[in-house]
Amino acid sequence: MKRLMIILAFFPLVLSTKAFSQESAVPSEEKTVRQELEAPPEEKTPLETFELFMTKGITLFNQEKYQEAKTDFQTAGLLRPEDSEFLYFMGVIEAKLKQYNEAKKYLSRALEQGYQEAAFDLGVVFYLDLEYEQALTAFEKAPKNPSTPLYQGYVYEAMGKDKEAIAPFLRAASDDRHPAIAAEARYRIGLIYFKLNALEDAQPEFTEVVAFDPASPIGQSASDYLKRIDRVLAKDKGLQIFGSVGIQYDDNVLLESSDGSLGVSRAADSRVLVYLHANYPFESFVNKSGVAYSIYQNLYATLTQFNTQSHELDFYIRYEKDRLTGQVDYFAQWVRVDNEDYLYGQSLRPEATFAHGKNKEIIVAYQFQQEDFKNSRQIPANSNRDGITHAISLIEQVNLPNARLRAGIVSDTKKAHGFDSESVGHRLLTGARFLIGSSLQGEISFDYTERRYDHPIIDKHREDKIYMANAGVSSSKLIPRTDVLLQYIYTRNDSNVLDFDYKRGILSAYFTYKF
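My aim in this report is to walk through the structure given alongside it, one point at a time. (Residues numbered from 1 in each chain as written. Predicted model: local features only at pLDDT ≥ 70, side-chain atom pairs only at ≥ 80, totals over all residues. Heavy atoms only, no water.)

So, about the packing of helix 6 (residues 118–128) against helix 8 (residues 148–158). Axis separation between helix 6 and helix 8 bottoms out at 11 Å; the angle between their running directions is 20°. Judged by the angle between their axes, helix 6 and helix 8 are roughly parallel. Regarding helix 6 and helix 8, the two cross each other, and that crossing is left-handed. Contact residues: helix 6 offers Phe120, Val124 and Tyr127, while helix 8 offers Thr148, Tyr151, Tyr154, Val155 and Ala158. Broken down by class, the residue content of the contact of helix 6 with helix 8 amounts to 7 nonpolar, 1 polar and no charged. (Axes fitted to C-alpha atoms, helices over the stretch in contact; angles between N-to-C directions. Helix = DSSP H or I, 4+ residues; strand = E, 2+ residues; numbered from the N terminus. Parallel < 35°, antiparallel > 145°, perpendicular 65-115°, else oblique. Left-handed = near helix turned anticlockwise from the far one by under 90°. Contact = heavy atoms within 4.5 Å. Nonpolar A, V, L, I, M, F, W, Y, C, P; charged D, E, K, R; others polar.)

The following block contains the structure:
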């Protein structure tokens, strides 16, 4: 009998409908198979009946009718329960139905009977079922399969052994007979070097992927990584400066957008935004550190009393080691509103990113923030809002070849001596960034926050439910050295206190130039 090979994960699952016997061919059309099966039993031998049911099962499998295919395979198995082809195909169908334990039993029996093609598929099933040591053992028995080194690399990545994954990926990348496998392997090598901060080693790998097929998902993702590497390497060379100019239409101008606690104007206006950021990184005993300065100014067309200027100074220290990235930032902030001091603030934010699995990260952060509000003509009792905020966040991020997904939770507590200033908030966040064609990047997000204020207003505590949705599209290819962003943000603050109940929509266009 002719042996057939099926790859469960990397390639589409399409089974051959050629005959198992080399002496005769079985028609592949279902109508012909049905006619053969309807022939008088005395005209068919058990072997012929077995082959017909197997062929029908494969035909149904190729039509993605997996449960029906399984029934025909089982019928064939009643005639020859220890046939190696039957055991192999039953393992494949059980794997497709995600019945991994059954799939492993059938594929193991097929392998025991000398069906060597089952070794690779058995390794894939162990990998999908998170049994990594067993997967590596199975892959060692499938050296002739061109995808074996690629999947060995996947397994080492899933085990958190990125450095060990490089060797099998390199073997797969050197296979000129299978360029698609080689491109995937080079992409994985580039990702590992990128995570290890070996950016100059990652560059040629991503370049090869782009050269193979720039329009493919991994080609577009590799191109994005090359841009990120260029920006990082540019930072390492010294001072980096970029500036942004934006135009916004705001249908409900607020002084403080985070909770609407001051200056809900109920009026629409347009404004111009100017933002300048300078960053100077330098090498240190912990990989990277540096200092950054930012200045922000908005100018309203009509509501000039909301004109805001903000200065922020950031000192940061960054540490990278294998699958762990840590960073600590200290921020100092000074804000002026309508040409008067509004806020002096400072905060400390440690953050740790843990890479796990093949493409996932967990980001854990804590932030301590101290705010010193200043009284002014517009807000004479602003200093009552002085306080300290503690916040902690947990975010899961998934990095796909052409998208980045994230979801998480943020909880904070603010302690202050002012009226209606102490609060506790919990925020759920979700979002995605993804490629649109070859030149655009899309972004969507949705946040939900519940916030309760400890000091009662009259006879009740203030409670806010805040819904925020964001959608944007950007491109770095329309104008040289310039990122263009179009964005819309909608906010609904559902509060049990009427003064703080509002809706808000902001339409923005930003142009960011890298000097």
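The subject of this paragraph is the nonpolar core. Phe73, Tyr88, Tyr127, Phe169, Tyr187 and Phe206 are the most contacted members of the largest nonpolar core, which totals 68 residues. No other element matches the 9 residues that helix 10 (residues 179–195) contributes to this core. Apart from the residues lying within four places of it in its own chain, the contact partners of Tyr127 are Tyr132, Ala135, Tyr151, Tyr154, Val155, Ala158 and Lys358. Membership of the second largest hydrophobic core comes to 11 residues, among which are Leu255, Tyr300, Val337 and Ile379. (Core = buried A, V, L, I, M, F, W, Y, C linked by side-chain atoms within 4.5 Å. Buried < 20%, exposed > 50% of the residue type's maximum accessible area, 1.4 Å probe, protein only.)

This next bit is on the environment of Ser108. Considering the arrangement of structural elements, one finds Ser108 in helix 5 (residues 100–112). Taking C-alpha positions, Ser108 is 8.6 Å from Gly91, a pair spaced 17 residues apart along the chain.

A few words on unusual backbone geometry. Positive phi is not limited to glycine here, since Leu130 has a value of about 65°. When you line up the elements, Leu130 lands in the loop between helix 6 and helix 7 (132–139). Residue classification places Leu130 among the exposed positions, given a relative accessible area of 58%.

As judged from the 13 bridges shared by strand 12 (residues 460–479) and strand 13 (residues 482–495), these two strands associate in the antiparallel manner. Residue pairing across strands places Val473 opposite Leu486, the latter belonging to strand 13. Remark: 2 residues form the turn of the hairpin made by strand 12 and strand 13, two consecutive strands paired antiparallel; Arg481 in that turn has positive phi of roughly 60°. (Pairing = 2+ DSSP bridges.)

The next point concerns the side chain of Gln152. Residue position: Gln152 is located in helix 8. The residues touching Gln152, leaving out its near neighbours within four places in the chain, are Leu136, Phe139, Glu140, Pro168 and Arg171.

What follows concerns the packing of aromatic side chains. Evaluation of the coordinates by the stated rule reveals 18 aromatic pairs. An aromatic cluster is built from Phe120, Tyr127, Tyr132, Phe139, Tyr151, Tyr154 and Phe169, whose rings are joined through pairwise contacts. Above the plane of the ring of Phe373 lies Arg385, whose end atom (NZ or CZ) is 4.1 Å from the centre. Taking the ring centre of Phe500 as reference, the NZ or CZ of Arg462 above it sits at 3.7 Å. (Phe/Tyr/Trp six-rings, centres within 6.5 Å; stacked < 30°, edge-to-face > 60°. Lys NZ or Arg CZ within 6 Å of the ring centre and 35° of its normal.)

Limitation: the analysis is restricted to geometry and does not speak to function.
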